[in-house]
Amino acid sequence: MVPLQLIAILFVALGAVGVVAARDLVRQAIVFSLYGFGLVILFLVFQAPDVALSALVVSGIAYPLVLVGAIARVRGLEKRGPQE
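This section reports on the structure supplied with the text.

Rules of the game
- Within each chain, residue numbers correspond to sequence positions counted from 1 in written order.
- Under the rules for a predicted model, residues below a pLDDT of 70 receive no local features and side-chain atom pairs below 80 are neither given nor counted, while totals for whole chains, interfaces and linings still include all residues.
- Heavy atoms throughout the structure, all of them, feed into the side-chain values; hydrogens and water do not.
- We count a stretch as a helix when DSSP gives it H or I for four or more residues in a row; a strand needs E for two or more, and each element gets its number in order from the N terminus.
- Expected helix span is taken as 1.5 Å per residue step, with the number of steps being one fewer than the number of residues.
- Type-normalised accessible area, obtained with a 1.4 Å probe on protein chains alone, sets the label of each residue: buried when under 20%, exposed when over 50%, and partly exposed for intermediate values.
- Throughout, a contact is declared for two residues whenever any of their heavy atoms are within 4.5 Å.
- Angles run from 0 to 180 degrees between N-to-C directions of axes, and those axes are lines fitted to C-alpha atoms, restricted for helices to the stretch in contact.
- An angle counts as roughly parallel when it lies under 35 degrees, as roughly antiparallel when it exceeds 145, as roughly perpendicular when it falls between 65 and 115, and as oblique in every other case.
- Pairs of N or O atoms within 3.5 Å make up the polar contacts considered here, provided that, within protein, one atom can donate a hydrogen while the other can accept it, and that residues adjacent in sequence are counted only when both atoms are side-chain atoms.
- Fitting axes to the seven residues ending at a residue and to the seven starting there, one defines the bend at that residue as the angle between these axes.
- Note on patches: the residues involved have over 30% relative accessible area and no salt bridge, like charges join within 9 Å, and the nonpolar side chains Val, Leu, Ile, Met, Phe, Trp and Tyr join within 5 Å.
- Values of accessible area rely on a 1.4 Å probe in the Shrake-Rupley scheme; residue burial ignores everything except the protein chains shown.
- Any carboxyl oxygen of Asp or Glu that lies within 4 Å of a side-chain nitrogen of Lys or Arg is treated as forming a salt bridge with it.

**A few points about the environment of Val17**
Right, on to step 1. Within the fold, Val17 resides in helix α1 (residues 3–21).
Right, on to step 2. On a C-alpha basis, the gap between Val17 and Tyr35 in space is 9.5 Å, while along the polypeptide they are 18 residues apart.

**Quick look at helix α2 (residues 25–45)**
Right, on to step 1. Helix length check: α2 (21 residues) gives 30 Å between terminal C-alpha atoms against 30 Å at 1.5 Å per residue, within 8%.
Right, on to step 2. Those residues of α2 that fall on the buried side of the exposure criterion are Ala29, Ser33, Tyr35, Gly36, Gly38, Val40, Leu42 and Val45.
Right, on to step 3. Next to the buried residues of α2 lie α1 and α3 (49–80).
Right, on to step 4. Following α2 by one or two positions, Gln47 adopts a phi angle in the positive range, close to 60°.

**Observations regarding the packing of α2 against α3**
Axis angle and axis distance: for two packed helices, these are the angle between their axes and the distance between the axes, and together they describe the pair.
Right, on to step 1. For the pair α2 and α3, interaxial distance at closest approach is 8 Å and the crossing angle is 175°. Considering the angle they form, α2 stands roughly antiparallel to α3. Taken together, the residues of α3 that come into contact with α2 (itself represented by Leu25, Val26, Ala29, Phe32, Ser33, Gly36, Phe37, Val40, Phe43 and Leu44) are Pro49, Val51, Ala52, Ala55, Leu56, Ser59, Gly60, Tyr63, Pro64, Leu67, Ile71 and Arg75.

**What about the side chain of Ser59?**
Right, on to step 1. For Ser59, the location among the structural elements is in helix α3.
Right, on to step 2. Here the side chain of Ser59 touches Ala55 through a polar contact of 2.6 Å, landing on its backbone oxygen.
Right, on to step 3. In this structure, Ser59 is in contact with Phe32, Ser33, Gly36, Phe37 and Pro64, ignoring residues within four places of it in sequence.

**Quick look at α3**
Right, on to step 1. In a regular helix each residue adds 1.5 Å, so 32 residues correspond to 46 Å; α3 covers 46 Å between its end C-alpha atoms and thus fits that length.
Right, on to step 2. In the structure, α3 departs most strongly from a straight axis at Ala62, where the bend amounts to approximately 35° and where the proline Pro64 lies between one and four residues downstream.
Right, on to step 3. Listed as buried for α3 are Ala52, Ala55, Ser59, Pro64, Leu67 and Ile71.
Right, on to step 4. The first or second residue beyond α3 is Gly81, which carries a positive phi of 90°.

**What about the side chain of Gln5?**
Right, on to step 1. Note on placement: Gln5 falls in helix α1.
Right, on to step 2. Sequence-distant contacts of Gln5, that is, excluding residues within four places in its chain, are made with Leu42, Val45 and Phe46.

**Some words on a nonpolar patch on the surface**
Right, on to step 1. On the surface, Val26, Ile30, Leu34, Phe37, Leu53, Leu56, Val57, Val58 and Tyr63 cluster together into a nonpolar patch covering about 780 Å² of accessible area.
Right, on to step 2. Among the secondary structure elements, those contributing two or more residues to the nonpolar patch are α2 and α3.
Right, on to step 3. Looking at the nonpolar patch, the element that brings in the most residues is α3, giving 5 residues.

Spatial relationships are all this shows, so hold off on functional conclusions.
The structure is reproduced here in structure tokens:
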């Protein structure tokens with residue numbers, strides 16, 4: 001195994017542990033985004049640029065936007081109080 005591949009695998013493994021260890025949702029979203037960028041690097045190292053591009057769009061752009069929107073909506077509903 002090429003040393004660069006081993007480093008990329010270890011970086012992704014540490015990122016996965018970081019995502020699981022994060023307790024706050026916003027912090028978890030940020031760490032997950034960094035984990036996704038680690039996956040992009042891993043895919044590039046293993047010469048899969050099409051998968052890397054897809055992972056970049058999903059983990060770097062789409063997932064954080066959806067998660068932040070959902071958190072904002074839930075917090076907005078909590079501030080308004082119960083609807084009758």
